[in-house]
Amino acid sequence: MKRTSVYGVLSAASMFPLIQWEEEVEVFGWVRTIRGSKNVSFIVLHDGSTFESLQVVVNAELGIDLSKVSSGASIRVIGRPVESKGQGQEVDLETTVVELIGECGEDYPMQPKRHSMEFFREHPHLRMRTKLFQAIFRIRHRAKMATHEFFDYGAFIQVDTPIITGSDCEGAGEMFSIGEDFFGQEAGLSVSGQLEAETAAMGLGRVYTFGPTFRAENSHTSRHLAEFWMIEPEMAFAELDYNMDIAEGYLKYVIGEVVKKCPKEIEYLEDYIREEEKNFKKEDKSMSLMEKLESVLSDSFERITYTEAFEILRNSKPNKKGKFEFPIEEWGMDFQAEHERYLVEKHFNKPVIVRDYPKEIKSFYMRDNDDGKTVAAMDILFPGIGEIVGGSQREERYEVLKEKMTTFDISHDDMKWYLDTRKFGTAPHSGFGVGFERLVQFITGMKNIRDVVLYPRTPGKL
Ligand code: 4AD
Ligand code: MG
C-alpha cells in the first residue's frame, strides 16, 4: 500500500486509466464536509497538497464508525481510486478504512457555511481551514515565487537589507522605535531597504530586496498594515522611463503567472466575490475578477505627469455633487486615494503611472528635474487599490544630493555612507517599491488588506 496525497490521487487519476488502480492507497487530511444516507457516506477530504478536494466514499456495509468524523476532524483513509459516479469530480476514493486521528470539538467555529470576513478575523488561527483562505494563500505563494523568477530571469541579485536600522529612509517619521540601549544610539525597524539596496546596486548593478517592512502610521484603512512585505529592485545606469518599464513588466508577469497557474483558485474567489456583491447596488458591481486581471494584462498602463493628472482632476466631475472630499486646489498638493481612484477607475479605466511629482511632497533621494519644481518620481495606481508601486530615479549628483539633504534637514555625517556612493563612481540609478500585500489584494479581489496576511498587524491590534 502506497502513502500518497489528495494531489497524488487526483493527478495520477487524470494521467493514467483508472483501471491501473488495483492497489489501495493511504491518504491523510481534514474533513471539509460529510454527508450520508443509509447506504453510503461521502467525505470531502482536503490536505493542502492541491486546491481541490478528494471525495471519499464509505459504503455502509463496511460498518465503519463515522460518528466522530465531523467537519474539521483529521482522518486517515485507505482505499482505491475509482471513476466517480457523481458530478463535479472525476475520481472517488472507495475506502475500506477510515481512522479518526483528531476529533473536532462541537464548538468548531469554521462551519462549512458562509461567514463574514470580520468573523474570520476573530479566528485567524483557523482561517486556513477554509477554502477561501486556502485560495488566497496559495495565490500569495505563487505571486512570491513569480517575483523571484521575474528578477532572477532579469539578472537581478537578491540582497537582504537590515531590518534593524538607524535611518528613516522615507523621512516620514513612521519608524517603530526599538530604543537606544542596545546600540548606544536610537534604532528602529526598517521602513524601506532602499538606501542600502542602492549601495549594493553600485557594484552588483541590479539588485532586489524582498523583506518585511514596518510603518508606525496610524492609518485605519483597508490598504494599510503596520507590518508588510516590500519588493525593492534597484538598477544602476537606469533612468525613470526604464524603471517604469521594469515595474510594469513585473506586475504583468506576476499577475500572468497567477492567472496561468491558479485558475481554480481564481474561479473560487470569483464565485465568492459575486455572492458577496449580491447585496450591492447595481452601480457598485465591478468586473469579474478574471476580467479585471486580464484587463491589466492586455493593455499598456497609461503614463502621465503629475501636472497632467492635476489638470484632469481639476476639470473633472467625480460624482453627482461634482466634488471630491479633498478639493483639487493648488498645484503641489498630494493626491488622496479618491483622486487616484478617479484617474484609474473613471478617467482612464486602466492602471496609471503618474510621474514627475512636486518635489516638496516626495523624499529627499529623488532626482531633481530640470524645471526646478518636480522630481523624477513615479507612482503606479491600480483599480480598487490606488498606489501599488512607488519609485523614482535617484539623485546621483553629489552636490545636488548634499543640498537636498540640507533642505530636508538630514545629517550629512550620519549619511556619509550614502553620500559616498555619489562620490566614488556615481551612476544614474533607479528603483521602486512594490507593496506585496497590495498586489496580492488586487489579484485576489479582497476588499481588505488584512485578509491576505496570516496575522495582520494594524494600530491597536497585535
Ligand atoms: O511609496 P513607498 O513609501 O516607497 C518606498 O518606500 C520607496 N523606498 C520604494 C523604493 O523606491 N524603493 O512604499 C512603496 C509601496 C507603496 O506603493 C505601497 O504599495 C506599499 O509600499 N506600502 C504599504 N503597504 C501596506 N501597508 C502600508 N502601510 C504601506 N505603506 C506603503
Ligand atoms: Mg508612496
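Residues numbered from 1 in each chain as written. Chains lettered and ligands numbered in written order. Predicted model: local features only at pLDDT ≥ 70, side-chain atom pairs only at ≥ 80, totals over all residues. Heavy atoms only, no water.

A.B. asks: For this particular structure, what's the right way to read the overall build of the chain?
C.D. replies: Within the chain, the secondary structure is distributed over 12 helices and 16 strands. Here the C-alpha coordinates of the chain stretch approximately 85 × 55 × 45 Å along the principal axes. Taken over 462 residues, the chain has a buried fraction of 50%. Considering only contacts within the chain whose residues lie at least 6 apart along the sequence, 66% involve residues at least 24 apart. Carbon and sulfur atoms form 50% of the exposed surface of the chain, whose accessible area is close to 23,100 Å². Counting 58 positive and 77 negative side-chain charges, the chain places the centres of these two groups 5 Å from one another. (Helix = DSSP H or I, 4+ residues; strand = E, 2+ residues; numbered from the N terminus. Buried < 20%, exposed > 50% of the residue type's maximum accessible area, 1.4 Å probe, protein only. Contact = heavy atoms within 4.5 Å. Areas by Shrake-Rupley, 256 points an atom, 1.4 Å probe, with all protein chains shown as cover. Lys, Arg positive; Asp, Glu negative; His and termini not counted. Charge placed at Lys NZ, Arg CZ, Asp CG, Glu CD.)

A.B. asks: Can you help me understand the packing of aromatic side chains in this one?
C.D. replies: One pair of aromatic rings is described through two measures. These are the centre distance and the angle between the planes. The final tally for this structure, using the stated rule, is 24 aromatic pairs. Pairing phenylalanine 51 with tyrosine 268 gives two aromatic rings, centres 5.8 Å apart and planes at 80 degrees, and the pair type is edge-to-face. With phenylalanine 51 in the loop between strand 3 (40-46) and strand 4 (54-59) and tyrosine 268 in helix 6 (residues 263-277), the pair connects residues that are 217 residues apart, well separated along the chain. In this structure tyrosine 268 comes out as partly exposed when scored by relative accessible area, which is 28%. (Phe/Tyr/Trp six-rings, centres within 6.5 Å; stacked < 30°, edge-to-face > 60°.)

A.B. asks: What should I look at first to understand the site of ligand 1 in this one?
C.D. replies: Close contacts around ligand 1 come from 24 residues, with Glu170, Gln194, Glu217, Glu232 and Glu387 the closest. Within the side chain of glutamate 217, one N or O atom sits 2.7 Å away from a nitrogen atom of ligand 1. In the model, a nitrogen atom of ligand 1 is placed 3.5 Å from a nitrogen or oxygen of the phenylalanine 432 main chain. Here ligand 1, which alone exposes 620 Å², has 93% of that area covered by the protein. Looking at the shell around ligand 1, the elements with two or more residues in it are strand 11 (227-236), strand 15 (386-393) and strand 16 (429-435). When residues of the shell around ligand 1 are assigned to their parent elements, the largest contribution, five residues, is made by strand 15. Taken together, the residues of the shell around ligand 1 break down into eight nonpolar, eight polar and eight charged. (Near = heavy atom within 4 Å. Polar contact = N/O pair within 3.5 Å; in protein donor to acceptor, adjacent residues only side chain to side chain. Nonpolar A, V, L, I, M, F, W, Y, C, P; charged D, E, K, R; others polar.)

A.B. asks: How should the pairing of strand 13 (residues 352-358) be read in this particular structure?
C.D. replies: Consecutive side chains along a regular strand alternate between the two faces of the sheet. The buried fraction of strand 13 is high, at six of seven residues. In the sheet, strand 12 (residues 302-305) pairs with strand 13 via four bridges, with the strands oriented parallel. When the bridges of strand 13 are listed, glutamate 302 appears paired with valine 352. (Pairing = 2+ DSSP bridges.)

A.B. asks: Any chance you could explain the sheet that holds strand 16 here in plain terms?
C.D. replies: The pairing of strands in a sheet happens through backbone hydrogen bonds and is either parallel or antiparallel. Spatially, 7-10-11-16-15-14-13-12 is the arrangement adopted by the eight strands of the open sheet, whose pairing is mixed. The sheet is open, and its two edges are formed by strand 7 (157-158) and strand 12, each paired on a single side. Across six bridges, the pairing between strand 14 (residues 374-382) and strand 15 is antiparallel. Within the sheet, the bridge partner assigned to leucine 381 lies in strand 15 and is glutamate 387. Strand contacts of helix 8 (residues 306-314): strand 12 and strand 13, with the helix running at about 95 degrees to strand 12, the strand carrying the most contacts. (Axes fitted to C-alpha atoms, helices over the stretch in contact; angles between N-to-C directions.)

A.B. asks: So what exactly am I meant to see when it comes to the packing of helix 3 (residues 131-153) against helix 6 here?
C.D. replies: Angle between the axes and distance between the axes are the two parameters that describe a pair of packed helices. For the pair helix 3 and helix 6, interaxial distance at closest approach is 9 Å and the crossing angle is 130 degrees. It follows that helix 3 is oblique to helix 6 by the angle criterion. In this structure, helix 3 crosses over helix 6, and the sense of that crossing is left-handed. Across from Lys131, Leu132, Ala135, Ile136, Arg138 and Ile139 in helix 3, the residues of helix 6 making contact are Glu265, Ile266, Tyr268, Leu269 and Tyr272. (Parallel < 35°, antiparallel > 145°, perpendicular 65-115°, else oblique. Left-handed = near helix turned anticlockwise from the far one by under 90°.)

A.B. asks: I keep staring at the pairing of strand 6 (residues 91-102) and nothing clicks. Help me out?
C.D. replies: Looking at chain direction, strand 4 and strand 6 are connected through three bridges and run parallel. The residue of strand 6 that forms the bridge with glutamine 55 is aspartate 92. The sheet contact formed by strand 5 (residues 74-83) and strand 6 spans 10 bridges and is antiparallel. Across the sheet, the residue bridging to valine 82 is aspartate 92, located in strand 6.

A.B. asks: Where do I start with helix 10 (residues 398-407) in this structure?
C.D. replies: Helical periodicity: at 3.6 residues per turn, an α-helix aligns residues three or four positions apart in one direction. When we look at burial in helix 10, the residues that qualify are Leu401, Lys404 and Met405. One side of helix 10 carries all its buried residues, which in axial view fall inside an arc of 100 degrees. For helix 10, the exposed residues lying more than 90 degrees away from the buried face are Glu399, Glu403, Thr406 and Thr407. Phi for aspartate 409, located one or two positions after helix 10, is positive at around 60 degrees. (Arc of directions from axis to C-beta.)

Interpretation note: all reported values are geometric properties and have no functional meaning in isolation.
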